[in-house]
Amino acid sequence: MEKSLEIERANMSKERSYTQTIINIEDLNSKKFFKFVKRVADIGISSIGLLISSPVIAITAIAMKIEEPQGPVFFSQTRIGKNEKEFTMYKVRSMCVDAEKKLHSLLEQNELQGAMFKMKEDPRVTKVGKFIRKTSIDELPQLLNVLKGDMSIVGPRPPLPREVAKYTKYDKQRLLVKPGCTGLWQVNERNSTGFDGMLRRDLEYIDTMSVSTDTKIILKTFKVILLPNDVS
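Residues numbered from 1 in each chain as written. Predicted model: local features only at pLDDT ≥ 70, side-chain atom pairs only at ≥ 80, totals over all residues. Heavy atoms only, no water.

(A) Focus on the overall build of the protein. Check the secondary structure of the protein and you find 10 helices and four strands. Mapped in sequence order, the helices and strands of the protein form the string α-α-α-β-β-α-α-α-β-α-β-α-α-α. Burial analysis of the protein (232 residues in total) assigns 46% to the buried set. Put simply, 68% of the contacts in the protein that link residues at least 6 apart link residues at least 24 apart. Carbon and sulfur atoms make up 59% of the accessible area of the protein, which totals about 13,000 Å². (Helix = DSSP H or I, 4+ residues; strand = E, 2+ residues; numbered from the N terminus. Buried < 20%, exposed > 50% of the residue type's maximum accessible area, 1.4 Å probe, protein only. Contact = heavy atoms within 4.5 Å. Areas by Shrake-Rupley, 256 points an atom, 1.4 Å probe, with all protein chains shown as cover.)

(B) Representation of the nonpolar core within the structure. Counting residues in hydrophobic clusters, the biggest one holds 31 residues, and the most contacted among them are L28, Y205 and I206. If you list the elements that add at least two residues to this core, you get β2 (86–92), α6 (142–148), β3 (152–154), α8 (184–188), α9 (195–208) and α10 (211–226). If near-sequence neighbours (up to four positions away) are discounted, I206 is found in contact with I23, L28, K31, P156, Q173, R174 and V177. (Core = buried A, V, L, I, M, F, W, Y, C linked by side-chain atoms within 4.5 Å.)

(C) Structural detail: the environment of P72. Examined against the element boundaries, P72 turns out to sit in the loop between α3 (32–67) and β1 (74–80). Take P72: its relative accessible area is 41%, and that puts it in the partly exposed class. On a C-alpha basis, the gap between P72 and A61 in space is 8.8 Å, while along the polypeptide they are 11 residues apart. In this structure, P72 is in contact with M64, K65, R93 and V97, ignoring residues within four places of it in sequence.

(D) How the structure looks around the environment of V125. Here V125 shows up in the loop between α4 (99–106) and α5 (127–134). The class for V125 is buried, based on a relative accessible area of 13%. It is 9.2 Å that separates the C-alpha atoms of V125 and R93, two residues lying 32 residues apart in sequence. Excluding its chain neighbours within four sequence positions, the residues that come into contact with V125 are S94, M95, K130 and R133.

(E) Broad picture of a nonpolar patch on the surface. A contiguous nonpolar surface patch, about 460 Å² in accessible area, is contributed by L219, F222, L226 and L227. Along the chain, F222 turns up in helix α10. Look at F222 and you get partly exposed, because its relative accessible area is 49%. (Patch = residues over 30% accessible without salt bridge, like charges linked within 9 Å, V, L, I, M, F, W, Y side chains within 5 Å. Salt bridge = Lys/Arg side-chain N within 4 Å of Asp/Glu carboxyl O.)

(F) Expanded view of the side chain of Q186. Take Q186: it is sitting in helix α8. Residue classification places Q186 among the buried positions, given a relative accessible area of 11%. Reaching out from Q186, the side chain makes a polar contact with the backbone nitrogen of G183 at a distance of 3.2 Å. (Polar contact = N/O pair within 3.5 Å; in protein donor to acceptor, adjacent residues only side chain to side chain.)

(G) Spotlight on the packing of α3 against α10. As a packed pair, α3 and α10 sit with axes 10 Å apart at the nearest point and diverge in direction by 30°. Judged by the angle between their axes, α3 and α10 are roughly parallel. Here α3 contributes F34, V37, K38 and I45 to the contact with α10, which in turn contributes V211, D214 and I218. For the contact of α3 with α10, the class distribution of residues is five nonpolar, no polar and two charged. (Axes fitted to C-alpha atoms, helices over the stretch in contact; angles between N-to-C directions. Parallel < 35°, antiparallel > 145°, perpendicular 65-115°, else oblique. Nonpolar A, V, L, I, M, F, W, Y, C, P; charged D, E, K, R; others polar.)

(H) Local environment of the confidence of the model for the protein. On average, the protein scores 84 in pLDDT, and the residues at 70 or more come to 77%. Taken together, the stretch residues 6–19 has pLDDT below 50 and engages in 24 contacts with residues farther than four places along the chain or on a different chain. (pLDDT = per-residue confidence, 0-100.)

(I) Region of interest: the packing of aromatic side chains. The tally for this structure, following the rule as stated, stands at one aromatic pair. For the pair Y167 and F195, a centre-to-centre distance of 5.3 Å together with 45° between the ring planes defines the contact as tilted. In this pair, Y167 sits in the loop between α7 (161–164) and β4 (180–182) while F195 sits in helix α9, placing the two residues 28 residues apart along the sequence. With respect to class, Y167 is no different from F195; both count as buried. (Phe/Tyr/Trp six-rings, centres within 6.5 Å; stacked < 30°, edge-to-face > 60°.)

Structure (structure tokens):
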């Protein structure tokens, strides 16, 4: 596998600058104790988080119904998780009801390179949606995904099927672990880098993940949420 990844990386376009990281599968599989601790922490944190965040979600739902009475509060979407397994990810809806239908007409305005779509001023985002995105309230239902075991608190962000369809074998290394609600990329660059930057950070995390690393990322996530313009 490592040899094929090296060949593929050597043949990549010079326009794409990738990290040199190649994940050692044996080392990854040997981290059994860490995975056990991580799962216990996921269950505990997600359970407490869902309990505490319930009033916040309820208030958000009322605000959303005032802005768009006919629209649903929650939004579910198929994402790709560990080992390319599909799962349904939950979020508080931050876009207009027909956002998916409008996406095709906006693809040419993508502000990021690579297998991701992002617009700083996406016209599909509602007024309430702008606020809950800035405060990460829209991400709170993903704690249910963590409790179910589809996701972890910390890990690479789960991509869409259409994004994975563009992945190389090298890119798919970020799918070797459970996706997360937050991660190394979010607390360092967040939306300031494209796919290459995200991939670099994801592989860095997978290659060095530990209890201390997860703890640092979780603590820094709170800082990013409270001080969104102080990402470093």
